[in-house]
Amino acid sequence: MSELPSALQGIVDDFAEMPSDQRLMLLLEFSDGLPDLPATYADHPELLEAVPECQSPIFLAVELADSGIDPPVRLYFSAPAEAPTTRGFAGILYEGLNGLRVSEVLAIPDDLPNCLSLTDQVSPLRLRGLAGMLGRIKGQTRRLAGTNT
Amino acid sequence: MSVGVDRTEKFAEYAVGEMLVSTDWLAEHLGSDGLVVVESDEDVLLYETGHIPGAMKIDWHTELNDAITRDYLDGAGFAALMGAKGISRETTVVFYGDKSNWWASYALWVFRLFGHPDVRLLDGGRSLWQAEGRELTKERPAPTRARYPVAERDDMAIRAFKDDVLGHLGKPMIDVRSVLEYTGERTHMPDYPEEGALRGGHIPGAQSVPWARAANEDGTFKSRAELAEIYQDEKGLTTDDDVIAYCRIGERSSHSWFVLTYLLGFDKVRNYDGSWTEWGNAVRVPIAKGEDPGTAGA
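Criteria and cut-off values
- Residues numbered from 1 in each chain as written.
- Chains lettered and ligands numbered in written order.
- Predicted model: local features only at pLDDT ≥ 70, side-chain atom pairs only at ≥ 80, totals over all residues.
- Heavy atoms only, no water.
- Pairing = 2+ DSSP bridges.
- Helix = DSSP H or I, 4+ residues; strand = E, 2+ residues; numbered from the N terminus.
- Contact = heavy atoms within 4.5 Å.
- Axes fitted to C-alpha atoms, helices over the stretch in contact; angles between N-to-C directions.
- Buried area = accessible area lost by both parts, 1.4 Å probe.
- Salt bridge = Lys/Arg side-chain N within 4 Å of Asp/Glu carboxyl O.
- Polar contact = N/O pair within 3.5 Å; in protein donor to acceptor, adjacent residues only side chain to side chain.
- Nonpolar A, V, L, I, M, F, W, Y, C, P; charged D, E, K, R; others polar.
- Parallel < 35°, antiparallel > 145°, perpendicular 65-115°, else oblique.
- Buried < 20%, exposed > 50% of the residue type's maximum accessible area, 1.4 Å probe, protein only.

As for the sheet that holds strand β3 (residues 73-78) of chain A
Residues and elements named next belong to chain A.
- Taken together, the three strands give an open sheet; going across it, the order is β1-β2-β3, and neighbouring strands pair in antiparallel fashion. Two strands bound the open sheet, and with one partner strand each, they are β1 (49-50) and β3.
- In this sheet, strand β2 (residues 59-64) lies alongside β1 in antiparallel orientation, the contact comprising two bridges. What sits directly across from Ala 50, in β2, is Phe 59.
- On top of the sheet, helix α6 (residues 124-145) reaches β1, β2 and β3; it is set at about 35° to β2, its chief contact.

As structure tokens, this is what we get:
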């Protein structure tokens, strides 16, 4: 696997070093740490893209910070408190990807969900939900940046 | 039964009303000797965000399934799990969970495979308890280890395998998934490769009765009369029919199995837990598409 951006690598390492029975509590911390939507999105949920790969209702939006070359990417998520696993995944993506540059976001490997040492605790369908979120973030980033890669 | 039954009027109408308890009853009986409350959710983290005081968590994925084979625990594994949760053979186990009790019904069904005598479901599940503003805690109970006998799993009475279903074609079957999954449209949508099935559609002859039709908005079960209208009047099933229910992996169909068996009093209902993730991937099994149930061998 290619090098991950440092924040994301830190998260992957944290999960790997944690005893397996405590990994879910770490995921819960990411769920609790997911920031609320800013008013621009909270008042206009239609601006968010749904992620039907997740069994819980989750929505996300991607913005580019400026119009320069390879600008930083900003991420926004909406996920209900009744779905802490999905929220936890959103929290991981927020902590690990928010502020990265377009090229860095697009270089994140699609098999990221399998790198989080959670495959024993979380069912495959759930982990595919995380892959769905990542895929949609990359898709929006690609469209916004006008790249066809 | 070791803990008295809930005499709520609504439950008395059902075939086996003592299989249900109300939130009022549970709140009154929390902490009773001989009672263990079990939370079983789709979301593996929900229990950790807060649960009914004293409730134990049982996770379908990590605790009820065998780690290697696609199957459930064996008798020894189940006995060890029960012991660790402080459950003895005489314990009254009340299940509740998210999603209108899908996973709670599923866990209850697995307990019945091992013949655990006294299992009950909290009508309305986790969401009703929460909506009523009742207490939730993050404190994990520390149960006293219990002795639980090794009871062999009985897969004959309430569980169906793929071969059973093949032999059952032409007899009553219900598909409790959403209508789009039933017609086979859903796996054709480009964004849904994750459903894990290579083919879409339903088992020929199976009638579509989405599980949610049995539940009210608040997650409680509909009244017996309303349920009879759906399964018996509309779908033409009778209580002495031999019925197989299935969904995607057997969790939603556990909910419908519970409804048919305990609320309507059907004699023989089996849950096909292989469900669509097995059937939709199996080679040369018949599949019907669209809204029509279709017929086998046609």
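There's plenty left to go through after this.
Some remarks on the interface of chain A and chain B
- Listed as interface residues are 23 residues of chain A and, on the opposing side, 17 residues of chain B.
- Note on chain A versus chain B: buried area summed over both sides is about 1,600 Å², and carbon and sulfur give 58% of it.
- Counting the contacts that link chain A with chain B gives two salt bridges.
- Notably, a salt bridge pairs Glu 42 of chain B with Arg 126 of chain A, separated by 3.2 Å at the nearest N-O pair.
- Linking chain A with chain B are three residue pairs in polar contact (both at pLDDT 80 or more), by the criterion used here.
- Where the side of chain A that touches chain B is concerned, the elements lending two or more residues are α2 (23-33), α4 (84-97) and α6 of chain A.
- For the side of chain A that touches chain B, the element with the most residues is α6 of chain A, which contributes five residues.
- Grouping the amino acids of the side of chain A that touches chain B by side-chain chemistry returns 11 nonpolar, six polar and six charged.

Considering the packing of α2 of chain A against α4 of chain A
Residues and elements named next belong to chain A.
- Following both chains from N to C, one finds α2 and α4 inclined at 75°, their axes separated by 7 Å at the closest point. Accordingly, the angle class assigned to the pair α2 and α4 is roughly perpendicular. Together, Leu 27, Leu 28, Phe 30 and Ser 31 of α2 and Pro 84, Thr 85, Arg 87, Gly 88, Phe 89, Gly 91, Ile 92 and Glu 95 of α4 make up the contact between the two elements.
- Residue classes in the contact of α2 with α4 are distributed as six nonpolar, four polar and two charged.

Regarding the side chain of Gln 121 of chain A
- Assignment of secondary structure puts Gln 121 of chain A in the loop between α5 (102-106) and α6.
- On the basis of relative accessibility, which here comes to 12%, the residue Gln 121 of chain A falls in the buried class.
- Of the polar contacts made by the side chain of Gln 121 of chain A, one reaches the backbone oxygen of Ser 20 of chain A; its length is 2.9 Å.
- When sequence neighbours within four positions are dropped, the list of residues in contact with Gln 121 of chain A reads Ser 20, Asp 21, Arg 23 and Leu 24 of chain A together with Val 44, Asp 59, His 61 and Thr 62 of chain B.

Let's talk about the sheet that holds strand β8 (residues 207-208) of chain B
Residue and element names in this part refer to chain B.
- Reading across the sheet, the five strands line up as β6-β10-β9-β7-β8 and stay open at both edges, with parallel pairing between neighbours. Two strands close off the open sheet at either side, each with one partner strand: β6 (159-160) and β8.
- Strand direction decides the pairing type here: β6 and strand β10 (residues 268-272), joined by two bridges, are parallel. Looking across to β10, one finds that Ala 160 is bridged to Tyr 272.
- The sheet strands contacting helix α10 (residues 252-263) are β7 (173-175), β9 (242-246) and β10, and the helix crosses β10 at an angle near 175°.

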